[in-house]
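In case you want the letters, here they are:
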Amino acid sequence: MSASLLASAGVSAIQLGAAVAGGPLLYGLMAKVRARAEGRAGAPVRQPLLDLWKLLGKERIHAGYSSVVLPLAPLVLIASTAAAVVIAPLVSTGPALGRTSDAFVMVFLLLLGSVAVALAGLDAGTAFGGMGASRAMTIGALAEPALLVALLALSIQAGTSNLPGIVSATLAHPGWVATPERVLALAALVIVVLAEAGRIPVDNPSTHLELTMIHEAMILEYAGPELALVTLGGMMRLGLLLSLLSNLFFPWGIAAMGSIPRLVLGLTVLAAKTGAIAGVIAVAEVSAAKLRLFRVPEILSAAFVLSVLAVVTGLVLP
Amino acid sequence: MSAALFLGALGLGAAGSLAGAALPPRARGGVAALLTAGACTAAFAAAARVLASGVTVTASSAQILPLTGATLSLDPLGAVFVITAAVVGAAASCYAVGYAARGGGSRAATGLLPLFVTSLLLVPAAASITTFMAAWELMALSSLLLLLTGHRRREARDAAQWYAVMTHAGAAAILLALVLLGAHAGGQSFAAIQAHAGGIPPAVRSLAFVLALAGFGSKAGAVPLHVWLPRAHPEAPGPVSALMSGAMVNLGVYGIVRTGDGLLGGGELWWWLAVAGLGVASALFGGIHAAASADLKRLLAYSTVDNMGLVLTGVGAAGALAVTGHRVPAALAMIAALFQLVNHSAFKGCLFLAAGSVQRAAGTRDLDSLGGLLRRLPVTTTLFGIGALSICALPPFSGFASEWLLLQGFLRGFTAHGAATATALLAGVAALALTGGLTAAAFVKAFGIGFLGQPRTPSAAAAGEVGPAMLAGTAMLAVPCLVLGVVPGAVVPLLARAAGTALGRPVAGGAVPDPLRAGASLAIAGSTDVIQPALLAAVLLAGLVLAWGLVRLRARAGAERGHRARRAEAWGCGRELQTARMQYTATSFAEPLQRVFDDVLRPDRDLDVSHLAESRYFEQAVTYRSRIDDAVERGAYRPLIAGVRRWGEVARRAQNGSVHRYLAYGFAALVILLVVLA
């Protein structure tokens, strides 16, 4: 009992480390791929990590009218994302507290981080912060139903909403990968992940014009270590979402139980899978433009319709 | 013992009402509150004993009501509603002491509040048609009069008018339904109706259920019968709006469950699909309006419509699953619905009390005139924050546990094959998911605009923290938000017992297996699905501490810098000037969502641009007005009212006040009668 407990704690520690280091690296990789596709050399892949380390050592500066919410929000974002990373089936299907790793819990944990950052956006009492918070909550409100219903489609198929359970069930039934409900749910989830992670076509993380910002506008008042935390939180979320996407729909390579060579293999395969997805997204971003804000609800409702269709197909088809 | 306790509670409540009305002004508030709190404690104890033992207690008296006598019976289902009413009632009466202190508590207000609380305790225990209707009317009238204590304001008078009409139309429908059942069953006690329900013709049963659904649904704020709710709840005084939203709307749900599942013993599938449909419509409509509203208490009222919609969806799903024979998922959905209802009482009561404090302190409940209250009212802000986190279903607060359970109830239901049920369940999940996001947007707006940033008006800047009685009352409801979230296992087994009573058969330990195991975790029986909220809370707390430690460690390594953060001007595109007017307002925050849901909200927009006399290329002033009325009210009720008024005009032509004409009418009527009878 205690040996397996130790093993699952080890899995969780590896996953947390992978998210803390891997999130920024994934971000750097996407920036690199974009730069190459645009014909530039680009910064090294490890650049985001260096930036974060530098920011952590800087002075703490708070904007004029901000309250305790401003410094607290990054901590809540990191804590909620870390909790999600610790319990999710990323490297292995047996992380610590894996029993409690429920698909719906994951949604509410992500929402906790989003709400914290949105409140921080309103805390300094500026126009840009409010604008960002308003837009982010609008997009979040429309992305959440698609996310929940798509996860419901997977849960109905697997007979459980436990994420390691869904992953194991997919491993046991390889044929599920190509079922219509899976394909529809995948399409819905891809759109939702792009929206939740603030990527093109919903948001542009590298914009410098305040009026076009969503996530960046919310965190405009952050500086120094708090900026580092809030940025790291966003990067960890991106890593988590891409890893979950790859493991839910293509789980092969994930370690069943915690022997060290298997975990190393699991980590390598996970890095390869998420790296590949990130590369594809980066290439797609180069050739796509950000949508106008009021067109975003349209693609999100498309995602919602796809997810509902996924549930209906799953119920109608044998 | 329980019966004596419960009767004692009712006596204390009546004494509180008398004390509130009769004592001199200085003493009346405190004594009435003390007696009401005593009544709530006794009722809580009695109901808790019933719930813990599962034994129904009854009491009856031939003297209290003329002709029929009064019959009381408290079973586990009713006990859940008594407990929620008792907790909200105790908190509201404690709060009322402080609320009245500065506003000058009128004799009517202090006398009626205990009466309202007592009637809320009485309704779930009433066990005959006459007792039930007497308690129901006592509740309606005392709350109506409490609403009218603000009669100097036009809005309050309007709200009272809507409330009076809707609640009495509802009461008429309920009375008709119960009398129909009583007449066919040959007895007016609920036990007699339940015993003979099988012999009642199906058409009569369905008619009675539809009537009861309309009457109780209106009380629960089900769209399209909700129109009184977003008017009455905001206009009522602070403690009364908390009681209305936290306890009174629950009794609408109680009525539907009691009539459909209890008295009629299940009934037909389409009944429950109708309940679920009403629930989905209410959840969506309420959620969208809450997200768009800029008035703090109106936002809370619409969010009540939304939450009651979710509860009704759960009740509908439970009923549909039970009727089709899927008892385990039905019990799960019913437990989830009851849990959501109990949690809603706690967080909405807390939020309404905190909103009342804001209104008292800043003199307004318009979010666009508030701001920066975190500095001025730190405790109230914290309590509002706990309620807001809870209603957004964020872990580890209470809304999270109940919404998860509701989702699990829906998920288990999908194993039950049947196109109609599956469609209802899918609609339920979609409504739950959409309102989840909308609620988060609404409460980020309420908290972020109202309590963070800079004050937008001088009155908001001058607001001061409210007194200890009001804070204590609000805190009494904030504590359950956290406790029920971290250890849901403490109450869920009791709710399972109540759900068993509701569905007419014991679930725990009976023929039907327990649908879930609740302890430190909530685990769905027969599957791997489980949440461990306490553990999750610990992980979150550990993450918080670790991240904080990381910042501290690196800051210390970064040499000589001080630990205190430096203050700097916020970014304004290079302009070093930041005024309160530059902040986002609640209206602008809600604008994108309002645009998305334009078809539901149908806002009135008015843009006035006036140009300078010298050149029309230069604008002198721009005025923008936006108003969101209830589309259901405008589309369905206004034409109805206009029609009634037109009929009134027509009827008036026949009545011009002339005695000769009335004599002629009398003569004509006599002649017609003679002709017909002859």
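Residues numbered from 1 in each chain as written. Chains lettered and ligands numbered in written order. Predicted model: local features only at pLDDT ≥ 70, side-chain atom pairs only at ≥ 80, totals over all residues.

## Quick notes on the overall build of chain A
Now for step 1: In terms of helices and strands, chain A carries 11 helices and one strand.
Now for step 2: In chain A, the order of α-helices and β-strands from amino to carboxyl end is α-α-β-α-α-α-α-α-α-α-α-α.
Now for step 3: Taking 20 Å as the expected radius of gyration for a compact globule of 318 residues, we find that chain A reaches 19 Å, a close match to that expectation.
Now for step 4: Structurally, chain A occupies a C-alpha span of about 55 × 45 × 40 Å along its principal axes.
Now for step 5: The buried share among the 318 residues of chain A stands at 64%. (Helix = DSSP H or I, 4+ residues; strand = E, 2+ residues; numbered from the N terminus. Rg over C-alpha atoms; globule rule 2.2 N^0.38 Å. Buried ≥ 20, exposed ≤ 12 C-beta atoms within 10 Å, placed from the backbone.)

## Re the overall build of chain B
Now for step 1: From N to C terminus, chain B includes 25 helices and eight strands.
Now for step 2: The C-alpha radius of gyration computed for chain B amounts to 27 Å, which stays within 12% of the reference 26 Å derived for 678 residues, consistent with globular compactness.
Now for step 3: Put simply, of all contacts in chain B between residues at least 6 apart along the chain, 79% involve residues at least 24 apart. (Contact = placed C-beta atoms within 7 Å.)

## Comments concerning the packing of helix α1 (residues 2–22) of chain B against helix α2 (residues 25–53) of chain B
Residues and elements named next belong to chain B.
Now for step 1: Viewed as axis vectors pointing N to C, α1 and α2 meet at an angle of 165°, and their least axial separation amounts to 8 Å. Taken together, the axes of α1 and α2 lie roughly antiparallel to each other. Taken as a pair, α1 and α2 cross one another with a handedness that is left-handed.
Now for step 2: Grouping the constituent residues of the contact of α1 with α2 by class yields 15 nonpolar, seven polar and two charged. (Axes fitted to C-alpha atoms, helices over the stretch in contact; angles between N-to-C directions. Parallel < 35°, antiparallel > 145°, perpendicular 65-115°, else oblique. Left-handed = near helix turned anticlockwise from the far one by under 90°. Nonpolar A, V, L, I, M, F, W, Y, C, P; charged D, E, K, R; others polar.)

## With respect to the domain arrangement of chain B
Now for step 1: Along its sequence, chain B is organised into domain 1 (1–252), domain 2 (268–542 + 583–603) and domain 3 (631–677).
Now for step 2: One C-alpha centre belongs to domain 2 of chain B, the other to domain 3 of chain B; they are set 47 Å apart. (Domains from an automatic or database assignment.)

## Some words on helix α20 (residues 492–502) of chain B
Now for step 1: Among the 11 residues in α20 of chain B, 10 count as buried, and that is most of the element.
Now for step 2: Positioned one or two residues after α20 of chain B, G504 of chain B has a phi angle of 80°, which is positive.

## Focus: the sheet that holds strand β4 (residues 522–524) of chain B
All names here are of chain B.
Now for step 1: If you trace the three strands from one edge of the open sheet to the other, you get β3-β4-β5, paired in antiparallel fashion. The strands lining the two open edges of the sheet, one partner per strand, are β3 (516–518) and β5 (530–531).
Now for step 2: As judged from the three bridges shared by β3 and β4, these two strands associate in the antiparallel manner. If you follow A518 over to β4, its bridge partner there is L522. (Pairing = 2+ DSSP bridges.)

## Quick word on the interface of chain B and chain A
Now for step 1: Between chain B and chain A, the contact holds 68 residues from the first and 71 residues from the second.
Now for step 2: The set of elements that each furnish at least two residues to the side of chain B that touches chain A consists of α14 (373–376), α16 (398–413), α17 (419–451), β5, α21 (533–557), β6 (566–568) and α22 (586–596) of chain B.
Now for step 3: Among the elements that make up the side of chain B that touches chain A, the one with the highest residue count is α17 of chain B (15 residues).
Now for step 4: Its residues assigned to classes, the side of chain B that touches chain A shows 46 nonpolar, 14 polar and eight charged.

## Quick word on the pairing of strand β2 (residues 70–74) of chain B
Residues and elements named next belong to chain B.
Now for step 1: Across the five residues of β2, five count as buried, placing the element largely inside the fold.
Now for step 2: Both faces of β2 are covered, namely the face carrying A70, L72 and L74 and the face carrying T71 and S73.
Now for step 3: Note: strand β1 (residues 57–61) against β2, five bridges, orientation antiparallel. When the bridges of β2 are listed, S61 appears paired with A70.

## Observations concerning the packing of α2 of chain B against helix α4 (residues 107–122) of chain B
Between two packed helices, what matters for the description is the angle formed by their axes and the separation of those axes.
All names here are of chain B.
Now for step 1: Two elements in contact, α2 and α4, have axes separated by 9 Å at closest approach and are oriented at 5°. If you check the angle between α2 and α4, you find them roughly parallel. On α4, the residues that touch R28, G29, A32, L35, T36, A39, C40 and A43 of α2 are T110, L113, P114, V117, T118 and L121.
Now for step 2: For the contact of α2 with α4, the residue count by class is nine nonpolar, four polar and one charged.

## A short note on unusual backbone geometry
Now for step 1: Cis geometry is adopted by the peptide bond preceding P201 of chain A, which originates at I200 of chain A and carries an omega value of 15°.
Now for step 2: By the element assignment, P201 of chain A lies in the loop between α7 (180–196) and α8 (215–218).
Now for step 3: A cis amide bond links P395 of chain B to the next residue, P396 of chain B, at an omega of 5°.
Now for step 4: Mapped onto the fold, P396 of chain B is located in the loop between α15 (378–391) and α16.
Now for step 5: Backbone geometry at R602 of chain B places phi at a positive 45°, although glycine is not the residue there.
Now for step 6: As for its position among the elements, R602 of chain B is in the loop between α23 (598–601) and β7 (604–611).

## Some points on the pairing of β7 of chain B
Residue and element names in this part refer to chain B.
Now for step 1: By the criterion of burial, β7 is predominantly exposed, with just zero of the eight residues buried.
Now for step 2: Two strands pair when backbone bridges link them, and β7 and strand β8 (residues 619–627) are joined in this way by eight bridges, in the antiparallel orientation. Bridged to L607 within β8 is Y624.

## Regarding the confidence of the model for chain A
Now for step 1: This prediction gives chain A a mean pLDDT of 91; 98% of its residues lie at or above 70.
Now for step 2: Strand β1 (residues 61–63) of chain A is the least confidently modelled element of chain A, averaging 89 in pLDDT, while helix α4 (residues 103–123) of chain A averages 95, the highest of any element. (pLDDT = per-residue confidence, 0-100.)

## A short note on the nonpolar core
Now for step 1: Grouped together as the largest cluster of nonpolar side chains are 370 residues, with contacts concentrated most on V149 of chain A together with A43, M334 and I335 of chain B.
Now for step 2: Counting contributing residues, this core receives three or more from each of domain 1 (1–252) and domain 2 (268–542 + 583–603) of chain B.
Now for step 3: Every residue in contact with A43 of chain B, bar those within four places of it in the chain, is listed here: F6, A9, V82, A86 and L121 of chain B. (Core = buried A, V, L, I, M, F, W, Y, C linked by C-beta atoms within 7 Å.)

## Brief notes about the confidence of the model for chain B
Residue and element names in this part refer to chain B.
Now for step 1: Put simply, chain B has an average pLDDT of 90, and 96% of its residues get 70 or more.
Now for step 2: A low-confidence stretch, residues 506–511 stays under pLDDT 50, and its non-local contacts, those more than four residues away or across chains, total 13 contacts.
Now for step 3: Among the scores for the predicted complex, ipTM is 0.96 and pTM is 0.95.

## A short note on the environment of L18 of chain B
Residue and element names in this part refer to chain B.
Now for step 1: Assignment of secondary structure puts L18 in helix α1.
Now for step 2: Taking the number of C-beta atoms within 10 Å as the measure of exposure, L18 has 16 and is therefore partly exposed.
Now for step 3: Taking C-alpha positions, L18 is 39 Å from A294, a pair spaced 276 residues apart along the chain.

## Observations regarding the environment of L270 of chain A
Residue and element names in this part refer to chain A.
Now for step 1: You can see L270 is positioned in helix α10 (residues 260–286).
Now for step 2: With 24 C-beta atoms packed within 10 Å, L270 lands in the buried category.
Now for step 3: C-alpha separation for the pair L270 and G253, spaced 17 residues apart in sequence, amounts to 7.5 Å.
Now for step 4: Beyond its immediate chain neighbours, meaning those up to four positions away, L270 contacts L90, V91 and S243.

## Thoughts on α7 of chain A
Residue and element names in this part refer to chain A.
Now for step 1: For α7, spanning 17 residues, the distance from its first C-alpha to its last is 24 Å, which sits close to the expected 24 Å at 1.5 Å a residue.
Now for step 2: Counting buried residues along α7, 12 of its 17 residues qualify, which places the element largely inside the surrounding structure.
Now for step 3: Looking at the buried positions of α7, the neighbouring elements they touch are α4, α5 (127–158), α9 (224–249) and α11 (296–316).
Now for step 4: Of the residues flanking the end of α7, it is G198, one or two places downstream, whose phi is positive at about 65°. (Expected span 1.5 Å × (residues − 1).)

## Observations regarding the environment of G132 of chain A
Residue and element names in this part refer to chain A.
Now for step 1: As for its placement among the helices and strands, G132 is situated in helix α5.
Now for step 2: Spatially, the C-alpha atom of G132 lies 20 Å from that of T81, the residues being 51 residues apart in sequence.
Now for step 3: Sequence-distant contacts of G132, that is, excluding residues within four places in its chain, are made with G121, M213, I214, H215, A217 and M218.

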